[in-house]
Amino acid sequence: MNLKADLLVIGGGMAGLVAGTVASESGLTTLLLRKGQSATANSSGAIDVIGYVPDVLEPFSSPEEGLLAIVALYPLHPYAIVGYGDDVTSEETSAAIIGRVREAIMWLKEHLGGTIASVTGEFDTNMHLITIIGTTKPTCLAQMTMCPGDLEDREDSVLLFAGITGCSEFNPSAAAKTYIEDRMALDGPPHKVGHCMFQVTPFGKSFNISSIEIARHLDREGSIEALAEQLKVQVKRIGATHVALPPVLGIRNAIANKSKLEKLIGATVFELLGFPPSVPGLRLQQALEGVFIKAGGKMLVGHEAISHVRTKQRVAAVIARGPLREIRVDAKAIILATGKYIGGGIAGDEKGLRETVFDIMTVTDDYHSSRDIVPSRSTNRLSINPTGQPIQACGVGIDSQFRPVREDGLEWAENLFAAGAVLAGYNYSVEKSGLGVALTSGYSAAKNAIDFLREVKQVE
Ligand SMILES: Cc1cc2nc3c(=O)[nH]c(=O)nc-3n(C[C@H](O)[C@H](O)[C@H](O)COP(=O)(O)OP(=O)(O)OC[C@H]3O[C@@H](n4cnc5c(N)ncnc54)[C@H](O)[C@@H]3O)c2cc1C
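Model, not experiment: these values are computed from the prediction. (Residues numbered from 1 in each chain as written. Predicted model: local features only at pLDDT ≥ 70, side-chain atom pairs only at ≥ 80, totals over all residues. Heavy atoms only, no water.)

Draft legend 1. Molecular detail of the nonpolar core. Leu8, Met14, Ile47, Ile105, Leu108, Ile334 and Phe358 are the most contacted members of the largest nonpolar core, which has 85 residues in total. At 11 residues, the largest contribution of residues to this core is made by helix 12 (residues 434-455). Setting aside anything within four residues of it in sequence, one finds Ile105 in contact with Ile47, Val49, Phe123, Cys140, Leu141 and Leu439. Formed by 27 residues, the second largest nonpolar core is a distinct cluster that contains Val158, Leu160, Ile209 and Ala254. (Core = buried A, V, L, I, M, F, W, Y, C linked by side-chain atoms within 4.5 Å. Buried < 20%, exposed > 50% of the residue type's maximum accessible area, 1.4 Å probe, protein only. Helix = DSSP H or I, 4+ residues; strand = E, 2+ residues; numbered from the N terminus. Contact = heavy atoms within 4.5 Å.)

Laid out in structure tokens, this is it:
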């Protein structure tokens, strides 16, 4: 089967869905291929812009502060590339970077408004959200359900960590211990923290329950009332003003569930940031897909881009394998947003690292070819350390237009752009920049692709 589009997006995580939405809203016919699940759906669902410089333990108080530092230290970081232009001073470059990231954040906030992953937060400050292990993490935007309200501002606040019997993903007593130790060191409220367990039996199951099963259960009528009956007793027991739950408040109805629960128990309820499988990550994925479809984009799920047809300087078509057949998509421009190891955009084996769709050269964070780098040589022995894993910074190098480059630094094809975790030059797990880079680069790559198509008069 042959299909045609102005723009083909390969990849359906944050970067691809944002790029596809921006293009569709500008009037381009846009087709998106997604082979499977994304890192976006496995993320905590909070949108980090920039939290840390690698190797430094003090978090940035705002994305602006972090962006200025990171682009000064790493001139080839994807955030730095956003500001590249001809004949501009360094002040103008910094202003362009901050302006573009702010614009992308505001765009996302507006587009997620009214969806199941509606977000709160401002570009001018980093929030410090609590994780399921009781630590905190700097982030820019949080889903409404994750917001702890005035917990750390009220002198009389009391926090209850509530876990679920049979769900091993969250240990409330360990989280409470870690959290209160941090608060004592900072000498800030809450000064009292407690923990409890409650019971939820999704579909009659009382053990080995996953957070996704609980979230689906809490979307059903009557289940929030049953949960409130148990929590009310515990809230009263310690005088809790706030209740921290693992991220399980629902997939379709999480925001309404939070308000209902708060009314019934008389305390602020919020979800902690969790690990995969992630209910808020799933909500974010579904909301972004809804936004893309609403903008007029078309999406083929379960379709994997496997090869391409090239004519001189351009990619003319991409061949994708679907569940039933192979398709050929002829497109005027293409955005590669296939993610890294989880999404499947970069793969590694005993021979080295490779980009999986076009076989574009991959590079390390210092822009040496990583084609022959065996993954085990590019990983630290300690899985968690302040400098992270070097292999996370490997990916595709790009030019100022977000076009992948060849070994000689020139663009690989004039109509191929790239965005998100497939890019080289940043390490999201230590910087806390993952969804922020995916958003900003997806937004920027789409704008550049639109400009390119208008310049070459391929579209009006
Ligand atoms: C466990 C975990 C927790 C995280 N937590 C956070 C967090 O709290 N905050 C934050 O900001 N960031 C977080 N991140 C990082 C963040 O999730 C990623 O940086 C971001 O989602 C990358 O988005 P992406 O669109 O580039 O790639 P992905 O979301 O991975 O999407 C890639 C897409 O490409 C598709 N694809 C791949 N190859 C093909 C092909 N050949 N054909 C068709 N489709 C293809 C995949 O199926 C997928 O849909 C976390 C990451 C992980 C793994």
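Draft legend 2. Summary view of the sheet that holds strand 9 (residues 242-245). Spatial ordering of the open sheet is given by 8-7-9-10, a layout of four strands whose pairing is parallel. Each edge of the open sheet is held by one strand with a lone partner, namely strand 8 (192-198) and strand 10 (268-271). Neighbour-to-neighbour, the strand axes of the sheet open up by a mean angle of 25 degrees, direction not taken into account. Taken together, the four bridges between strand 9 and strand 10 define a ladder with parallel strand orientation. For Val243, the partnering residue across the bridge sits in strand 10 and is Val269. On the sheet, helix 9 (residues 254-265) packs against strand 9 and strand 10 and is oriented at approximately 145 degrees with respect to strand 10. (Pairing = 2+ DSSP bridges. Axes fitted to C-alpha atoms, helices over the stretch in contact; angles between N-to-C directions.)

Draft legend 3. Region of the structure containing helix 7 (residues 211-218). Burial runs high along helix 7: six of the eight residues are buried. What helix 7 keeps buried is the set Ser211, Ile212, Ile214, Ala215, His217 and Leu218. Where helix 7 is buried, its residues touch strand 7 (158-164), helix 8 (223-238), helix 9 and helix 10 (279-294).

Draft legend 4. Structural detail: the layout of surface pockets. There is about 250 Å³ of room inside the second largest pocket. Taken together, 16 residues line the second largest pocket, and the ones lying closest to its centre are Tyr74, Asp365, Ala393, Gly425 and Asn427. For the lining of the second largest pocket, a count of residues per class yields nine nonpolar, four polar and three charged. (1 Å grid on protein atoms, 1.4 Å probe; cavity = no way out; pocket = protein on both sides within 12 Å on 5 of 7 lines; lining within 4 Å. Points joined across faces, edges and corners; volume = space filled by probe spheres on them. Nonpolar A, V, L, I, M, F, W, Y, C, P; charged D, E, K, R; others polar.)

Draft legend 5. The arrangement of the side chain of Thr21 in detail. As for its placement among the helices and strands, Thr21 is situated in helix 1 (residues 14-25). Looking at Thr21, the relative accessible area reads 1%, which means it is buried.

Draft legend 6. Local environment of unusual backbone geometry. Here Pro189 and Pro190 are connected by a cis peptide whose omega angle stands at 0 degrees. Mapped onto the elements, Pro190 comes out in the loop between helix 6 (172-186) and strand 8. Each neighbour pair has its own omega, and for Pro276 with Pro277 the value is -5 degrees, a cis peptide bond. For Pro277, the location among the structural elements is in the loop between strand 10 and helix 10. Its identity is not glycine, yet Asn208 carries a phi of approximately 50 degrees, on the positive side. Within the element layout of this structure, Asn208 appears in the loop between strand 8 and helix 7.

Draft legend 7. Here's a closer look at the site of the ligand. Within the structure, the ligand sits among 36 residues, and Thr40, Ser44, Lys137, Ala421 and Leu435 are positioned closest to it. Residue Met14 places a main-chain N or O atom 3.2 Å away from an oxygen atom belonging to the ligand. Here an oxygen atom of the ligand and a backbone polar atom of Ala39 are 3.0 Å apart. Relative to its unbound accessible area of 1,000 Å², the ligand is 93% covered by the protein chains. Of all the elements in the fold, those that place two or more residues in the shell around the ligand are helix 1, strand 2 (30-34), helix 2 (39-42), strand 12 (304-311) and helix 12. (Near = heavy atom within 4 Å. Polar contact = N/O pair within 3.5 Å; in protein donor to acceptor, adjacent residues only side chain to side chain. Areas by Shrake-Rupley, 256 points an atom, 1.4 Å probe, with all protein chains shown as cover.)

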